Amino acid sequence: MPPIETLLAFAAATLLFAYMPGPAILYTAAQTLSRGRRGGLMAAFGIHCGGYLHVGAAALGLSAVLLHVPEAYATVKLAGAGYLVWLGVRMMRRPSDAALPPAVAGRSASRAFLESVLVEVLNPKAALFFLAFLPQFVDPAAGLPVWAQFLVLGTLVNLAFSSADLATVALTDQILARLRRSGGLQRLFRLAGGGLLVALGLRLGLSER
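Residues numbered from 1 in each chain as written. Predicted model: local features only at pLDDT ≥ 70, side-chain atom pairs only at ≥ 80, totals over all residues. Heavy atoms only, no water.

(A) Layout of the packing of helix H4 (residues 70-93) against helix H6 (residues 124-133). The contact between H4 and H6 brings their axes to 9 Å, and the two run at 130°. Viewed along their axes, H4 and H6 adopt a mutual orientation that is oblique. Here Tyr-73, Val-76 and Lys-77 of H4 come into contact with H6, specifically with Pro-124, Lys-125 and Leu-128. Taken together, the residues that form the contact of H4 with H6 break down as four nonpolar, no polar and two charged. (Axes fitted to C-alpha atoms, helices over the stretch in contact; angles between N-to-C directions. Helix = DSSP H or I, 4+ residues; strand = E, 2+ residues; numbered from the N terminus. Parallel < 35°, antiparallel > 145°, perpendicular 65-115°, else oblique. Contact = heavy atoms within 4.5 Å. Nonpolar A, V, L, I, M, F, W, Y, C, P; charged D, E, K, R; others polar.)

The following block contains the structure:
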């Protein structure tokens, strides 16, 4: 086991990064604005599941490819950015889930899960975060193999980030519940959510790293 001081530092840093407003929180809020609480929860779950790919890649050393091969990083980054922009434009153009039959709205929530898994997988910054953050708290002299420590610490980080996403869904849903549910407001929420996704995609695509 790493020293208690290392574990405390890991916990403090993880919570700080998890609850610091960033793209994942904005993405979850956008999905909740457009699809409601169920859609937001499915989006948060999708991001959580996609995060395990980055945890596994960091444990196996695969994320280093993105760090040392600029072409691979650029390809994944542009694919992720384009997908976010496409999701945002489609979100702004589609009808509100509240106006859809229950079966169709249910499929929309399921689609939010699948879309969010892909959004997280195509986010190279998430991969590089795990690759840069986790080694600071891995102890080669510990009883657990290094790869197992990566998996344990990465899972804890992923759970912490997901707790922040769930808090975002709950807060956004409470705000929406206090507002009058009119067709005009629903369209405004959908446009705001789609606009957030487009902005996140542009931000990712135009960023250097």
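Now, onward.
(B) A look at the packing of helix H1 (residues 4-19) against helix H7 (residues 146-178). Where H1 contacts H7, the axes come no closer than 9 Å and their chain directions differ by 35°. In the packing of H1 onto H7, the handedness of the crossing is right-handed. Contact residues: Phe-10, Thr-14, Phe-17, Ala-18 and Tyr-19 in H1; Leu-153, Leu-156, Val-157, Ala-160, Phe-161, Ser-163, Ala-164 and Ala-167 in H7. Looking at the contact of H1 with H7, its residues break down into eleven nonpolar, two polar and no charged. (Left-handed = near helix turned anticlockwise from the far one by under 90°.)

(C) Highlighting a nonpolar patch on the surface. A cluster of nonpolar residues, Tyr-52, Leu-144, Val-152, Leu-156 and Leu-159, forms a patch on the protein surface that exposes about 420 Å² of accessible area. Top contributing element to the nonpolar patch by residue count: H7, with three residues. By the secondary structure assignment, Val-152 is in helix H7. (Patch = residues over 30% accessible without salt bridge, like charges linked within 9 Å, V, L, I, M, F, W, Y side chains within 5 Å. Areas by Shrake-Rupley, 256 points an atom, 1.4 Å probe, with all protein chains shown as cover. Salt bridge = Lys/Arg side-chain N within 4 Å of Asp/Glu carboxyl O.)

(D) Region of interest: the environment of Gly-40. When you line up the elements, Gly-40 lands in helix H2 (residues 23-60). A C-alpha to C-alpha distance of 8.8 Å links Gly-40 and Thr-168, two positions 128 residues apart in sequence.

(E) A look at the layout of surface pockets. In this model, the largest pocket occupies a volume close to 780 Å³. If you go around the largest pocket, you meet 30 residues; those closest to its centre are Pro-23, Ala-24, Asn-123, Ala-126 and Phe-161. Broken down by secondary-structure element, the contributors of at least two residues to the lining of the largest pocket are H1, H2, H4, helix H5 (102-121), H6, H7 and helix H8 (183-206). A total of six residues in the lining of the largest pocket trace back to one element, the largest contributor, which is H2. Of the residues contributing to the lining of the largest pocket, the split by class is 21 nonpolar, five polar and four charged. (1 Å grid on protein atoms, 1.4 Å probe; cavity = no way out; pocket = protein on both sides within 12 Å on 5 of 7 lines; lining within 4 Å. Points joined across faces, edges and corners; volume = space filled by probe spheres on them.)

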